[in-house]
Amino acid sequence: MPSTLTLRRPDDWHVHLRDGAMLKACAVHTARQFARAIIMPNLVPPVTKVAEAVAYRDRIRAAVPADLKFEPLMTCYLTDGADPAELLRGKNEGVWVAAKLYPAHATTNSAHGVTSMDRVAKGLEAMEKAGMPLLVHGEVTDPEVDIFDREAVFLDKTLAPLLKRHPGLKIVLEHITTREGVAFVEANPGRMGGTITPHHLSYNRNAIFKGGIRPHFYCLPIAKREEHRLALRRAATSGGAQFFLGTDTAPHTADTKECACGCAGVFNAPVAMQVYAQVFAEENALDRLEAFASLNGPRFYGLPANEERVMLRAAALDAPESVDVPGLAAGLAKTITVFRPDTPVGWSF
Ligand code: NCD
Ligand code: ZN
């Protein structure tokens, strides 16, 4: 095992930075590790207009300490009847890098999401012509479908017809959690990519219930059985160009997770590269970490890879257990719990 690992600075292709006090508390943690990040638009209200994205991008830049170089890549939140002209304008003006499809009510802040693919067909046609990727939260929302099956059912019921209907559309299946998701991406080379989170590589669904209910292991899509985690580990460490890094770091303050109806989302930004390195080391694939973290994503998006190098050290994880959020509510000290796998992490960033 090497004692250090040097690679091109990685990018994070799926990040929730939030806004206001949360943004100020969280942005630095992503910017310390990553040169660029795809910024999720699920604010309240969602980012649907070019002008809103420009203003949000300015707030993100202002929240990152001046000594860190960080480029937020903005996405448009698709709603029913999404305006093709707004999508094209934002793409042409260098604001939108992609658009995000949340099936309505699939996850946190997705109430304005899409209720039927027919209602975004015009927008998707425009994106197809413009070469603008679609980022997909791949879960059906039908309450009759078991929560652990929602990704696999989405692939059959929604994604397969969508690929046929828009044959030129580039699609990222985000935060893949199943072997079916891995297989679906692999079956569509050239036009599909898939992101994989550090937490879905680290634990299976048992962890959510080990010794009691553990809200900080709850995210959507929810972690699945061990066989699925193993499929994700194979995909991420395969060197395959279709799979790339997307942490889905999704901060919620501890009080909103540790309650009767806790929010979905794992905050992993301070430990992301350390956990990925641990997984790749366990799979004897450290030589493939750079492809997953720093090369495959830019290639999919048609962007240059970063030239700067970063170094990981083989040393016990050195990261805070929580991050404070000053200024969220007067008189209340709020914190966000930082993800930590149950198994040891032997890498420092
Ligand atoms: C995300 C959030 O909190 O915004 N939550 C999550 O569990 N991943 C939304 C999402 O990406 O699904
Ligand atoms: Zn997400």
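None of these values were measured; they are calculated from a predicted model. (Residues numbered from 1 in each chain as written. Chains lettered and ligands numbered in written order. Predicted model: local features only at pLDDT ≥ 70, side-chain atom pairs only at ≥ 80, totals over all residues. Heavy atoms only, no water.)

Looking at this structure, how should I read the sheet that holds strand β10 (residues 309–314)?
Neighbouring strands of a sheet are bound in pairs by backbone hydrogen bonds; such pairs are parallel or else antiparallel. Taken in spatial order, the 3 strands line up as β1-β10-β13 in an open sheet, and their pairing is antiparallel. Edge positions in the open sheet fall to β1 (4–8) and β13 (347–348), since each of these has one partner strand only. Strand contacts of helix α11 (residues 289–301): β1 and β10, with the helix running at about 25 degrees to β1, the strand carrying the most contacts. (Pairing = 2+ DSSP bridges. Helix = DSSP H or I, 4+ residues; strand = E, 2+ residues; numbered from the N terminus. Contact = heavy atoms within 4.5 Å. Axes fitted to C-alpha atoms, helices over the stretch in contact; angles between N-to-C directions.)

Where do I start with the site of ligand 1 in this structure?
Of all residues adjacent to ligand 1, which total 15 residues, the nearest are R18, T107, L220, D248 and H252. Between ligand 1 and T108, the relevant distance is 3.2 Å, taken from an oxygen atom to a side-chain nitrogen or oxygen of the residue. One nitrogen or oxygen atom from the main chain of L220 is found 2.8 Å from an oxygen atom belonging to ligand 1. When ligand 1 sits alone it has 310 Å² of accessible area, and the protein chains cover 100% of it. Each residue belonging to the shell around ligand 1 can be placed in one class, and the counts come to 4 nonpolar, 9 polar and 2 charged. (Near = heavy atom within 4 Å. Polar contact = N/O pair within 3.5 Å; in protein donor to acceptor, adjacent residues only side chain to side chain. Areas by Shrake-Rupley, 256 points an atom, 1.4 Å probe, with all protein chains shown as cover. Nonpolar A, V, L, I, M, F, W, Y, C, P; charged D, E, K, R; others polar.)

Whenever I open this one, the pattern of salt bridges confuses me. Can you help?
With the rule as written, the count across this model stands at 19 salt bridges. Note that E282 is salt-bridged to R233, the shortest N-O span being 2.6 Å. One end of the pair, E282, is in helix α10 (residues 272–282); the other, R233, is in helix α8 (residues 226–237), and 49 residues separate them in sequence. Assessed through its relative accessible area of 41%, E282 is described here as partly exposed. Residue classification places R233 among the buried residues on the basis of a relative accessible area of 5%. Here the salt bridges do not stand alone but share partners, grouping R8, E307 and R309 into one network. (Salt bridge = Lys/Arg side-chain N within 4 Å of Asp/Glu carboxyl O. Buried < 20%, exposed > 50% of the residue type's maximum accessible area, 1.4 Å probe, protein only.)

Would you mind going over the confidence of the model for the protein with me for this structure?
The predicted structure's coordinates, where accompanied by low pLDDT, should not be read in detail. With 99% of its residues at a pLDDT of 70 or more, the protein has an overall mean of 97. Across the protein, element-level confidence peaks in helix α7 (residues 198–202) with a mean pLDDT of 99 and bottoms out in strand β12 (residues 332–337) with 86. (pLDDT = per-residue confidence, 0-100.)

Looking at this model, I keep getting lost on the coordination of the zinc ion (ligand 2). Mind explaining?
Reference values for angles at a metal are 109.5 degrees in the four-donor tetrahedral case and 90 or 180 degrees in the six-donor octahedral case. Protein-derived coordination of the zinc ion (ligand 2) comes from H14 (NE2), H16 (NE2) and D248 (OD), at a distance range of 2.0 to 2.1 Å. Every donor counted, the 4 donor atoms about the zinc ion (ligand 2) form angles of 92 to 144 degrees at the centre, which fits irregular coordination. Of note, the donors binding the zinc ion (ligand 2) are all from one chain and are spaced H-x1-H-x231-D. Of this pair, H14 sits in strand β2 (residues 12–15) while D248 sits in the loop between β9 (243–245) and α9 (254–257), and the two are 234 residues apart along the sequence. What makes H14 buried here is its relative accessible area of 1%. (Donors = N, O, S within 2.8 Å, 3.2 Å for Na, K, Ca; no water. Tetrahedral: all angles 85-135°; square planar, octahedral: opposite > 155°, others 65-115°.)

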